[in-house]
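Summary of structural features
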Amino acid sequence: MAISRRGFLKGVLCGGAVAMIGPSLLVPASADAADEIWKVSGSHWGAFRARIAGGMVMEVKPYDLDQNPTQMLEGIKGLIYSSSRIRYPMVRYEWLKNRDKANPATRGDNRFIRVTWDRALDLFYQELERIQTQYGPWALHAGQNGWRQTGQMHSCNNHMQRAVGLHGYYVRKVGDYSTGAGQVILPYVLGSTEVYAQGTSWPLIFENSDLIVLWANDPAKNLQVGWNCETHEGQGYLLQLRDKVADGSIKVISIDPVKTKTQNLLNCEHQYVNPQTDVALMLAIAHTLYREQRYDPTFIETYTLGFNEFLPYLMGEGEDKTEKSPEWAAPICGIDAEQIKGLARRMAEGRTQFMFGWGVQRQQHGEQPYWMGAVLAAMLGQIGLPGGGISYGHHYSSIGAPGSGASAPGAFPLNPDSDDERIHKNKDFKGYSSTIPVARWVDALLEPGKKVPFNGSTVTLPDIKMMVFSGCNPWHHQQDRNRMKRAFHTLETVVSIDYTWSATCRFSDIVLPACTQFERNDIDVYGSYSVRGVLAMKKLVDPLFQSRSDFHIMADLCRRFGRHKQYTRGMGEMAWVESLYEECRKANGEKFPMPPFAQFWEEGYVAFEGANPFVRHADFREDPEINPLGTPSGFIEIFSRKIASYQYDNCKGHPIWMEKAERSHGGPGSEKYPLWLQSCHPDMRLHSQMCESAPMRDKYAVQGREPVYLSAEDARRFGIKDGDLVRVFNDRGQLLAGAVISDNFPPGVVRIQEGAWYGPEGAEVGSLDTYGDPNTLSMDIGTSKLAQATSANTCLVSIEKFTGKPPEVTAFGGPDEVMPS
């Protein structure tokens, strides 16, 4: 029987069998090579040109201005066309039958029913209404966020929070997982969060530094990605630094338990230190600087406060009566005492620039290494000088590239334009806190009403009944998966808006398919800190399957309670994109001339000329009275009276060494679990983004699993060969991974990069993770009572070769679709 292609597609789409056909059948019949076109867009991995043919992305090439592109651009096609794409609105089977009375043990069983968009959004709205009226704003948490897709207009968290905020109030979060401890402690010490601040420009570092100390810092790995569209200028500066190391004009020391990608790139010196013992090493260096009179007393007297209160602890005259000498530190940190003294002397010989990474503060007592690092920099007396002092961000988004000074485009508004626009105006949180530390929401689910000390105040954890996630994946960035499973059993409703079936979506009740950033129009700043220009992010292809933009989704949600006009301000997608561009154009004026929007959109890019060298803390050094820091005293606070007044037992008034709950190399717990698990930022994805891209995953996966890196000595000890499938485990969980033996890792240290997708064998607590998510094993405790941040890197494990038939990987692909009964 003859049937037209149009009629066939119409029947397929109406019949719900679109999943049975590939994207190639959803393009015009006339599409062929003659339809090819190149389009420009941007991403966390950099700007690029994409070749489009037949309505599909065929090829991706780095943008011409990017001199150091990352290979992760090769994963973009695999991201768009991933088998893990969310194709339709879906609702969890058990929840749809019983709603808030659903059996909690079924959450995560991966059984979903496909519904229409109208049905899904009706359910979303009904649950928002039920929670606000049956409970109140304290029962709704919509404050999570993360590394959303790039683009200023389509920032998913802004869209979700504006829409939900127009309905009513809700619980928010404070802080983030990346720098949770650092961004709380550093305002007390240096007067700002520092971690996201522009750092001293690389050209000035090259001109003035004698020694660069990379402390737990791997910029060659981390500078591949950026918060906005990444320029990769930082990678270019690393290549220049490599040349300076080679010719001897700058010395670089990488202090780290492992040989990092950066250390191998630079071919610089590596100083091993036992995991989690950095503070002990720093104290011993400070002891040598003081004992040998190699510190700068004038700087200490002029620019700091509290050195005399810190000194008794350092010299063994405090309560513990223990002198923090190199001899004391040596057995703790695994470095010979004379070697520690040599490090201190080298740091004091010339201009020394400290560059700290973020992983070192993601451990128990993570506030301490950042605080103690600032103390060392202050003792050397070089804070505020070009090529000296301390930085906490030179590994992030090309910080250190001199900025143009131009204004960047703003974003779609995060909040309602006024509180009067909200449908539900109830702000009574019944004594619960309306804002909680970002990493303590699982505590709230398990222990609602518990009072938690935080940053000088007390947080009362709310009794959360519903959570909304948009474009973020807390089942990647939160610790202890099995504890999370127990916590999710307490929730009545979970809604996720995303483009891919992450574990967060699998443990949700209502799942809404957002399109990727490559299926919509937007603009972005090119260079998060350098602001090299503004980039047009042109839609490459139409939204796949039934996915929609966050703007479209949330406008339709708001229509259900009569706030869509307030949400959109009466503008569509391109009107918003144009308005953000024109506001940026107005802000830049004649200093940085920009063409009208139509011309910009046609050309795809506008560049900002100029580069302004910058020295971190230079104004403060020039005149600390006219340019005080944001600390209570205006000076660098080596001792903080304010923190001391909190009387926390795990964060005193000055930096101290504290033993960890778990520590390898003879520390607590190491007899049972002898290996320290380092779960650092990955090398070939952005956190969990792009783990679903099969072409990228194939570059590093071992037997289809996430790699676990270990030393040859540990491999022999545990009877493991390169390429073996292994079980990594502790009392908190177990996972499968593929063994990679590498001489970059010392005995007692293994690495599984965070962001590996969680794929348990089943929904039950304790089930084996089939792919290799390190947070199956990590510890969910706060860094201290001050920051309550994540302690992911306080984690011990053991390892064994896996025998028997391995289970199938369950982390990728879609859910088990259940047909309505």
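These numbers come from a predicted model, not from an experiment. (Residues numbered from 1 in each chain as written. Predicted model: local features only at pLDDT ≥ 70, side-chain atom pairs only at ≥ 80, totals over all residues. Heavy atoms only, no water.)

**A look at the confidence of the model for the protein**
Should the pLDDT be low somewhere, the predicted coordinates at that spot are not to be read in detail. For the protein, per-residue confidence averages 94 on the pLDDT scale, and 96% of positions sit at 70 or higher. Long-range and interchain partners of residues 1-33, a stretch whose pLDDT sits below 50, account for 26 contacts in this model, where long-range means more than four residues apart. (pLDDT = per-residue confidence, 0-100. Contact = heavy atoms within 4.5 Å.)

**Side note on the packing of aromatic side chains**
Within this structure, the stated rule accounts for 50 aromatic pairs. Seen in terms of ring centroids, Trp138 and Tyr432 are 5.3 Å apart; in terms of plane orientation they differ by 45°. Their pairing is tilted. Highlighted residues: Trp138 in the loop between α4 (117-134) and β6 (140-141) and Tyr432 in the loop between β13 (389-391) and β14 (435-437), separated in sequence by 294 residues. Owing to a relative accessible area of 10%, Trp138 belongs among the buried residues under this scheme. Residue classification places Tyr432 among the partly exposed residues on the basis of a relative accessible area of 21%. (Phe/Tyr/Trp six-rings, centres within 6.5 Å; stacked < 30°, edge-to-face > 60°. Helix = DSSP H or I, 4+ residues; strand = E, 2+ residues; numbered from the N terminus. Buried < 20%, exposed > 50% of the residue type's maximum accessible area, 1.4 Å probe, protein only.)

**Focus: the pairing of strand β26 (residues 725-730)**
Of all the six residues making up β26, six are buried; the element is thus mostly covered by neighbouring parts of the structure. Of the two faces of β26, the one carrying Leu725, Arg727 and Phe729 and the one carrying Val726, Val728 and Asn730 are both buried. Note: β26 against strand β27 (residues 733-741), six bridges, orientation antiparallel. The partner of Phe729 across the bridge, within β27, is Gln734. Pairing geometry for β26 and strand β29 (residues 796-801), over four bridges, is antiparallel. In the strand pairing of β29, Phe729 is matched with Ser798. (Pairing = 2+ DSSP bridges.)

**Comments concerning the UniProt feature "domain: Molybdopterin oxidoreductase" (unreviewed entry) in the protein**
Per the UniProt record, "domain: Molybdopterin oxidoreductase" (unreviewed entry) is found at residues 85-559. From the first C-alpha to the last, residues 85-559 spans 26 Å; its make-up is 36% helix and 15% strand. (UniProt positions renumbered as here; feature names shortened; annotations may be inferred.)

**Some details on the side chain of Gln479**
Position of Gln479 relative to the elements: it lies in the loop between α18 (474-477) and α19 (481-488). A distance of 3.3 Å separates a polar atom in the side chain of Gln479 from a polar atom in the side chain of Asn775. A distance of 2.5 Å separates the side chain of Gln479 from the side chain of Thr790, its partner in a polar contact. (Polar contact = N/O pair within 3.5 Å; in protein donor to acceptor, adjacent residues only side chain to side chain.)

**Re the UniProt feature "domain: Molybdopterin oxidoreductase N-terminal" (unreviewed entry) in the protein**
In this numbering, the UniProt entry assigns the feature "domain: Molybdopterin oxidoreductase N-terminal" (unreviewed entry) to residues 41-81. Secondary structure content for residues 41-81 is 12% helix and 34% strand, while the C-alpha to C-alpha distance between its ends is 17 Å.

**Side note on the environment of Thr231**
You can see Thr231 is positioned in the loop between α8 (219-222) and α9 (233-247). Expressed as a C-alpha distance, the spacing of Thr231 and Pro820, which sit 589 residues apart in the sequence, is 49 Å. Contact partners of Thr231, with chain neighbours within four places excluded, come to Asp66, Ser398, Tyr526, Gly527, Ser530 and Arg532.

**A short note on the nonpolar core**
Ranked by size, the top nonpolar core spans 104 residues in total, and within it Trp215, Leu281, Ile285 and Phe354 carry the most contacts. Per-element accounting of this core gives the leading share, ten residues, to helix α16 (residues 367-380). Leu281 has contacts with Trp215, Ile255, Val273, Cys333, Ile335, Ile340 and Leu343, leaving out every residue within four places of it along the chain. Ranked by size, the runner-up nonpolar core spans 85 residues in total, among them Leu461, Met466, Leu491 and Val494. (Core = buried A, V, L, I, M, F, W, Y, C linked by side-chain atoms within 4.5 Å.)

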